Each structure stands twice: as structure tokens, then as C-alpha cells.
Amino acid sequence: MRKEENHGKFTKTVLATGTNDVLYIDSLLNLSKGAQVLHVPDMAGRYYSVQFTDPWDGTNFAYVGKRTTGTRTGGYLMSGPGWKRAGAQGITQIASPHNSVLVIGRAFVESDSDLSTAYGLAKQIQVTPLSRWQSGH
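If you're wondering where the values come from, they're calculated on a predicted model, not measured in any experiment. Within any chain, residue numbers begin from 1 and follow the written order of that chain's sequence. Only residues with pLDDT of 70 or above have their local features reported here, since the model is predicted, and side-chain atom pairs are shown and tallied only from 80 upward, although totals for entire chains, interfaces and linings are computed over all residues. The basis for the side-chain values is all heavy atoms of the structure; hydrogens and waters are excluded.

### A few points about the nonpolar core
- By size, the foremost hydrophobic cluster in this structure holds 25 residues, and its most contacted members are L38, V50, F52 and M78.
- Only DSSP runs of H or I reaching four residues or more are called helices, and only runs of E reaching two or more are called strands; each is numbered from the N terminus. Listed by contribution, the elements that provide at least two residues to this core are β3 (22-30), β4 (36-40), β5 (48-53), β6 (60-65), β7 (74-79), β9 (100-108) and α1 (115-123).
- Examining the composition of this core, we find that 4 residues originate from one element, α1, more than from any other.
- Excluding its chain neighbours within four sequence positions, the residues that come into contact with M78 are L29, L31, A35, Q36, V37, L38, F52, I94, V103 and V127. What we call a nonpolar core is a set of buried Ala, Val, Leu, Ile, Met, Phe, Trp, Tyr and Cys residues that are connected through their side-chain atoms within 4.5 Å. Per-residue accessibility, obtained with a 1.4 Å probe over protein chains only, is compared with the maximum for each type, and a residue is labelled buried under 20%, exposed over 50%, and partly exposed between these values. Note on definitions: a residue-residue contact is assigned when non-hydrogen atoms from the two residues lie within 4.5 Å.

### Observations concerning the sheet that holds strand β10 (residues 126-129)
- Across the sheet, which stays open at both edges, the 4 strands sit in the order β8-β7-β4-β10 with mixed pairing between neighbours. Two strands lie at the open edges of the sheet, namely β8 (92-95) and β10, each paired on one side alone. Across this sheet, the average inter-strand angle for adjacent strands is 30 degrees, counted without regard to direction.
- Strands are treated as partners if at least two bridges between them are detected by DSSP. Looking at chain direction, β4 and β7 are connected through 5 bridges and run antiparallel. The residue of β7 that forms the bridge with Q36 is M78. All axes here are fitted lines through C-alpha atoms, helices being fitted over the stretch that makes contact, and every angle between N-to-C directions spans 0 to 180 degrees.

### A few points about α1
- Looking only at α1, the buried set comprises A118, Y119, L121 and A122. The arc that holds every buried residue of α1, seen down its axis, measures 165 degrees, which confines them to one face. In this description, the arc belongs to the directions extending from the helix axis to the C-beta atoms.

### Re the pairing of β4
- Here β4 lies mainly inside the structure; 5 of its 5 residues are buried.
- The side-chain alternation of β4 yields two buried faces, one formed by Q36, L38 and V40 and the other by V37 and H39.
- With 4 bridges connecting them, β4 and β10 associate as antiparallel partners. For V37, the partnering residue across the bridge sits in β10 and is T128.

### Section: the packing of aromatic side chains
- Pairing of aromatic side chains requires ring centres within 6.5 Å, counting the rings of Phe and Tyr and the six-membered ring of Trp. Pairs whose planes differ by under 30 degrees are stacked, by over 60 edge-to-face, and all others tilted. In this structure the tally under the stated criterion is 1 aromatic pair.
- Considering the side-chain rings of F52 and F61, the 6.4 Å spacing of their centres and the 40 degrees angle between planes classify their relative orientation as tilted.
- Using a relative accessible area of 0% as the deciding quantity, one classes F52 as buried.
- Residue F61 is classed as partly exposed on the basis of its relative accessible area of 24%.

### Side note on the environment of H39
- Within the element layout of this structure, H39 appears in strand β4.
- With a relative accessible area of 12%, H39 lands in the buried category.
- Along the chain, H39 and V127 lie 88 residues apart, while their C-alpha atoms are 6.2 Å from each other.

### Points about the environment of P129
- Secondary-structure assignment places P129 in strand β10.
- With 92 residues separating them in the primary sequence, P129 and V37 have C-alpha atoms 6.1 Å apart.
- Those residues within four positions of P129 in sequence are excluded, and the remaining contacts are A35 and Q36.

### Structural notes on the environment of A62
- By secondary structure assignment, the location of A62 is in strand β6.
- Relative accessible area serves as the criterion here: at 17%, A62 is assigned to the buried category.
- For the pair formed by A62 and V103, sequence separation is 41 residues and the distance between their alpha carbons is 9.8 Å.
- Once residues within four sequence positions are removed from consideration, A62 is found in contact with V50, Q51, F52 and I94.

Rendered as C-alpha cells:
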């Protein structure tokens, strides 16, 4: 299963791979035009992770997920180098070393009967330009 959604400055893909217990979400972001906000839904204790990677050298520079930030609803402001504007209230800033960011997310699937629930949650992991983001996304 592979589903792509085009959101202007980035393309988000949710896909199942050879492993049956994880859904992957990927996106390539361009922060040169401004910061973006990652929204994660309440995952209700489910394992998930979102890693932020420099696509040029493969360095992971930030991580959001069950082990580091918990499973409650959250917002994370992703900004490029030199970005100085004030962020939105109630969200954590993640500074990228470059304007290009590879975002790779994973959501655990417990069983075949859990696939639709996991897919619904994975689809709610979204990135929105800060200029269009509203608190409570």
C-alpha cells in the first residue's frame, strides 16, 4: 500500500513495506521559504517515531516519538538555519542545519485488525507551513 499526498512544498507518503508491523511516512521538506510545523496526534500509547535527517549527509539531527516526547498530541516547529522569527506558542522548535529535511515517520501496527486504526493515525501526522498553521491543528 502506498499513498502520496501533494502539499505544495512537500510530498507526504504513507506506505506499508515488507514488514507487516510498521507503517512508514516520509516527506522531503524545503525550509528555505519558511518554517513548517509537524503535528502529531494523540497516539494513545502506540509506538511511533518521526526522525529528522539531513538528506545530504544522512545525519539524524532530531527525533520525536514515544521514547522522547511521549504519545500525546504535539506540535514541533521545524526551521532552517538562520531562522530568527518567534515561533508559535505551545510548540517546540527543531532547528535544521540545512533548508532541506528528510522526515521519516513510523507507526506501529499491532495486528491485521489494527491496520486501519494505525493508518488513520499515521495520516494525521502532518506538516503545515507556519504561515498556515493554527494552534490545535
